[in-house]
Amino acid sequence: ICSKSIIFEPDDAVKPILKVLSSYYLSPSLVAVFLGEKKVTFQLEVPGKTEDVISVFHWVFHLGDQTAMVAAILQSRLARTCFDKNSFQHVTENPHMECVAEMVSPLVTNAGHVCITDCNLYFQPMNSYPDLVVQIGLHSVRRIYKRRHGLRPLGLEVFCTENDLCSDIYLMFYSTKERDELYYYIATFLENHIAECTAESYMLQWQRGHISNYQYLLHLNNLADRSVNDLSQYPVFPWVISDYSSTQMDLLNPASFRDLRKPIGALNTERLERLLERYRDMPEPRFMYGSHYSSPGYVLFYLVRVAPEHMLCLQNGRFDQADRMFNSVGETWKNCLEGGTDFKELIPEFYGSDSSFLKNLLGLNLGRRQGGGRVENVELPSWASDPDDFLEKMRLALESQYVSEHLHEWIDLIFGYKQRGSEAVAAHNVFHPLTYEGGVDCDSIEDPDQKIAMLTQILEFGQTPRQLFVTHHPQRITPRFHNLSATPSLSSSELSPSSPSMESFEDLTEESKKMAWSNMNKLALQSLSKYFWGVTVYHGQVRMKSYFYSIAYGRRQDTLMGHDDAVSHICWRDDKLYTASWDSTVKIWKCVADDISSNKRTQFDLLAEFEHEAGVNTLDLSPAGTLLATGTKEGTLTLWDIANPLPLNQLTCHSGKIHQVAFSPDSRHVLSVGEDSCLVVTDVQTGMLLATVHAEQEQRCFCWDGNTVLSGGMSGDLSVWDLLSSKVIHKIPAHSGAVTCMWMNEQCSTIITGGVDKQIILWKPEY
């Protein structure tokens, strides 16, 4: 019996779980309930306590009527009152909008009036709690998030600090229109706010190691509407350790970790088979698990020692039975593996720094277990010496090599493409339909009692996070070199500068490149040349004649290229020539070298041809020479394996011609720029769009190191971009017209640009 509903779970796992929020009939030992047109009768077998159970049933079923009545009275009072403008901080403030809303806190919503001015955001609660008025200066707002509340798009959460757990206010509005109007008013006050808070930008930072696994999961929870103010959507974190019995934690042993490819309910094969048997025999809508991995009850199960008032509120003034409480980490994990209805994940506190939720510091009387012992502190695994040590090792596990390599698989289940649909079924990741956004339209329910009953069920049962990704989440880029402190000790001769290894030379080269890119905003003009001809492409009817100058041979080379239209782009690598054409093909040619001293023309043999659906405007070859990226006039980016003429990934990422594409130095990403004034980062492995940055003007060409971009635009300026923040960090005046081409040497120490002003400019970063 829950606070606002009744759940019956049969011992026979094949039979369905029943949740009751409907009419009833009571007798001394029978309870009859109606599920739609079907009547179900329960025989109570609680010796000596039947009347107590009956009274609770009676209270539960009348609560919906009381709640509806209270809500109606509250709405009436709100309609007759307005925000008291005497609460303004300054007499010169100009109000922008005012509406009614509720301030959300764990298990409680507090109704009142919202008012936003050109300086402040105000909330004035009807009952003057926690203050007569809550005031937030717009200049202090750091981030804002739209939220779902009860699976409806009505929430708004405001953060004035960088703390990703605790916000300054969480508001729930009565209409999406009012919520959105307030959101955009605040968003316009924050420079580049929306661009900084995308799942793709955080993914890019996480992939490249700029944020930790813990930080990334907090960001994803935030973006997926999870908030510590809403216990039905509390941030969800994974169990990552599976060994709670050993005396030492071994983070180098994969067996120490939970399989992150599977949801909790699928980790135990025998239990999963029983659940699947019930699932196959279940009428539509079917679901595999009768409970969720995150719900208010589960959150307070973990936090009862630090938030007993919330547990008492949820359970009508009582704690749970002593043996069902959070007594042991190991026992809880075992129950999650073997229990018929326990599929819960963890909360961020397990990877934080405050261990108080594991200790009974308040001296609460939480009851006695069957063995006679009192419920006190949580029992920890043998490998943890105390609660602080436990959290430290849990953090080490979360940031370990194994978890870093597999965390994307868990993200696919919780926030990604395996969250719903056929992929969820295949991954055994299907929960009750009411836990998903769009599972029910509460606004279409006209009966107030039924509407409140449905909302209550949604809030109590648990809610699946908002889906953030619809394709495979890319894997994290793990370091190539181990930390020196984690490796065996080296002799002084091995570390001597006089005998550097190949890795040392590679590190020096990488350091010089990093230094060059860190100074890209300090480009200094070295020389400027004026030329009086343009780059001309010659068209032929059947074959096209192309000329180029060979520095190696010291003379012009000419050859026949088999394209039916203009050659738009060429690339030379390892005696192979790659040509893109507006005839919708890319061709690879093998250079057949002749005698340099002879006057014979160099020959090219056709090796491969790649067909497109539109004219190809640009191409790039990966650093290793195994992958090819092409961009067409219609905005399509295609990724190819050189050894296979079939595309690996193909997506329309621009709404017009793609001007240039280029691989990142590690070949994991492709950046493209186009006529739509966008810079788009694409993951090579999955073909997923990681980031889309909107520029003020069309960018024609660029160079990049995977994080920083140097681009040339239509105005003639060079722009230095930080992709992680989606911002231009510096602009350099260059040409008097559009910058049309750009080249950078391998050491990133020299840049050459060309433009429609017929000038060639040589640049070097200043150190």
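Residues numbered from 1 in each chain as written. Predicted model: local features only at pLDDT ≥ 70, side-chain atom pairs only at ≥ 80, totals over all residues. Heavy atoms only, no water.

The name given to the chain in an unreviewed UniProt entry is Neutral sphingomyelinase (N-SMase) activation associated factor, with Sinocyclocheilus rhinocerous as the source organism.

1. A word on the packing of helix α5 (residues 213–223) against helix α11 (residues 401–414)
Taken N-terminus to C-terminus, the directions of α5 and α11 make an angle of 15°; their axes are 11 Å apart at the nearest point. In terms of their interaxial angle, α5 and α11 are classed as roughly parallel. α11 is crossed by α5, and the crossing has right-handed handedness. Note on element contacts: α11 touches α5 through Val403, Ser404, Leu407, Trp410 and Ile411, opposite Asn213, Tyr216, Leu217 and Leu220. Looking at side-chain class alone, the contact of α5 with α11 contains seven nonpolar, two polar and no charged residues. (Axes fitted to C-alpha atoms, helices over the stretch in contact; angles between N-to-C directions. Helix = DSSP H or I, 4+ residues; strand = E, 2+ residues; numbered from the N terminus. Parallel < 35°, antiparallel > 145°, perpendicular 65-115°, else oblique. Left-handed = near helix turned anticlockwise from the far one by under 90°. Contact = heavy atoms within 4.5 Å. Nonpolar A, V, L, I, M, F, W, Y, C, P; charged D, E, K, R; others polar.)

2. Points about the sheet that holds strand β19 (residues 603–611)
The strands making up a sheet are joined through hydrogen bonds of the backbone, oriented either antiparallel or parallel. Strand order in the open sheet formed by four strands is β16-β17-β18-β19, with antiparallel pairing between adjacent strands. Whereas interior strands pair on both sides, the edge strands pair on one side only; in this sheet they are β16 (567–573) and β19. The sheet shows a mean angle of 20° between the axes of neighbouring strands, taken without regard to direction. Taken together, the eight bridges between strand β18 (residues 585–592) and β19 define a ladder with antiparallel strand orientation. Each bridged residue has a counterpart across the sheet, and for Lys587 the counterpart in β19 is Glu609. (Pairing = 2+ DSSP bridges.)

3. Some words on the pattern of salt bridges
Counted according to the given criterion, the structure contains 19 salt bridges. Between Arg286 and Glu284 there is a salt bridge, with the nearest N and O atoms lying 3.4 Å from each other. For Arg286, a relative accessible area of 28% translates into the label partly exposed. Taking the relative accessible area as the measure of exposure, Glu284 reaches 63% and is therefore exposed. Three or more residues are tied together by salt bridges with common partners; here these are Arg148, Asp225, Glu437 and Arg466. (Salt bridge = Lys/Arg side-chain N within 4 Å of Asp/Glu carboxyl O. Buried < 20%, exposed > 50% of the residue type's maximum accessible area, 1.4 Å probe, protein only.)

4. Some words on the sheet that holds strand β23 (residues 644–652)
With antiparallel pairing, the four strands of this open sheet are ordered in space as β20-β21-β22-β23. Each edge of the open sheet is held by one strand with a lone partner, namely β20 (616–621) and β23. With strand direction ignored, the average angle separating the axes of adjacent strands in the sheet is 25°. Note: strand β22 (residues 636–641) against β23, six bridges, orientation antiparallel. Considered in β23, the bridge of Leu637 is made with Leu651.

5. Some remarks on the packing of aromatic side chains
The final tally for this structure, using the stated rule, is 26 aromatic pairs. When the centroid spacing of 5.1 Å and the interplanar angle of 85° are considered together, the rings of Tyr183 and Tyr184 count as edge-to-face. Its relative accessible area of 9% is what places Tyr183 among the buried residues. Tyr184 sits in the partly exposed class, given a relative accessible area of 42%. With a centroid separation of 6.1 Å and 50° between ring planes, the pair formed by Tyr244 and Trp333 is classed as tilted. Here Trp333 lies in helix α9 (residues 329–338) and Tyr244 lies in the loop between α5 and α6 (269–281), a separation of 89 residues in the sequence. According to the relative accessible area criterion, Tyr244 is buried, its value standing at 10%. Of the aromatic side chains, those joined through ring pairs into one cluster are Trp239, Tyr244, Phe301, Tyr302, Phe326, Trp333, Phe350, Phe357, Trp383 and Phe390. (Phe/Tyr/Trp six-rings, centres within 6.5 Å; stacked < 30°, edge-to-face > 60°.)

6. What about the state of the cysteines?
Disulfide: a covalent bond connecting the sulfur atoms of a pair of cysteines. Tallying each qualifying case throughout the model produces zero disulfides. Note on Cys741: no disulfide assigned, nearest cysteine sulfur contributed by Cys701 at a separation of 6.4 Å. Residue classification places Cys741 among the partly exposed residues on the basis of a relative accessible area of 42%. (Disulfide = S-S within 2.5 Å.)

7. Looking at the pairing of strand β12 (residues 169–173)
The buried count for β12 comes to five of five residues, which makes it a mostly enclosed element. Neither face of β12 is exposed, since Ile169, Leu171 and Phe173 on one face and Tyr170 and Met172 on the opposite face are all buried. Summarising the sheet, strand β11 (residues 152–159) and β12 pair through four bridges and their orientation is antiparallel. Looking at the pairing, Leu156 lines up with Leu171 of β12.

8. Structural notes on unusual backbone geometry
Working note: non-glycine residues mostly have negative phi, and peptide bonds are mostly trans. In this chain, Glu284 is followed by Pro285 through a cis amide linkage whose omega measures -5°. Here Pro285 is to be found in the loop between α6 and α7 (296–303). Its identity as a non-glycine residue notwithstanding, Asp575 has a phi of 65°, on the positive side. The residue Asp575 is located in the loop between β16 and β17 (576–581) in this model. The exposure class assigned to Asp575 is partly exposed, which follows from its relative accessible area of 41%.

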